[in-house]
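Geometric and topological summary
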Amino acid sequence: MKSFLLCIGFVWCVYCIPIHAAIIYVGKGHAYVSIQQAVTAAKNGDTVWVAPGIYKEKNIIIEKSLVLLGKNYPVIDGEHTYQMISVRANGVTIKGF
């Protein structure tokens, strides 16, 4: 009986607790024009979708589990001065840049 209740509890946790991951858009015409602003606003599990373009960013610091996804290979320009991205969390995916 105890193992049955544990099994039911596990199934309830996996299938009944809603998981809401958001997609946050970055670029001209979107709510965010800075990648760092979007990363700061994101929550664990969110995707930050970056439109094509050149983004002059000082140092994008990622301190939560998220996906940073570039569409058509946007460029992060550190202006030959700054490190472009610092990842300080597990579960971070960066692709499309």
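Look up: the structure comes first, before these words.
Note that the coordinates shown come from a computational prediction; the quantities given were computed from them, not determined experimentally. (Residues numbered from 1 in each chain as written. Predicted model: local features only at pLDDT ≥ 70, side-chain atom pairs only at ≥ 80, totals over all residues. Heavy atoms only, no water.)

**Concerning the side chain of Asp46**
- Summarising the element assignment, Asp46 is placed in the loop between α2 (35-41) and β2 (47-50).
- Summary of buried charges: Asp46 has no salt-bridge partner, and the nearest side chain of opposite charge, Lys43, is 6.0 Å away.
- Setting aside residues no more than four positions away along its own chain, Asp46 makes contact with His20, Ala21, Ala22, Ile24, Ser65, Leu66 and Val67. (Helix = DSSP H or I, 4+ residues; strand = E, 2+ residues; numbered from the N terminus. Buried < 20%, exposed > 50% of the residue type's maximum accessible area, 1.4 Å probe, protein only. Lys, Arg positive; Asp, Glu negative; His and termini not counted. Salt bridge = Lys/Arg side-chain N within 4 Å of Asp/Glu carboxyl O. Contact = heavy atoms within 4.5 Å.)

**Thoughts on the pattern of salt bridges**
- Evaluated as defined, the whole model comprises 3 salt bridges.
- A salt bridge links Glu79 to Lys56; its shortest N-O distance comes to 3.9 Å. Here Glu79 is found in the loop between β6 (75-77) and β7 (85-87), whereas its partner Lys56 is found in strand β3 (residues 54-56), with 23 residues between them in sequence.
- Classification of Glu79 as partly exposed rests on a relative accessible area of 38%.
- Classification of Lys56 as exposed rests on a relative accessible area of 57%.
- Salt-bridge contacts for Arg88 lead to Glu63; the nearest nitrogen and oxygen are separated by 3.7 Å. With Arg88 in the loop between β7 and β8 (93-95) and Glu63 in the loop between β4 (60-62) and β5 (67-70), this pair connects stretches of sequence that are 25 residues apart. Each member of the pair, Arg88 together with Glu63, is exposed.
- Among the charged side chains, a salt-bridge network with shared partners connects Lys56, Asp77 and Glu79.

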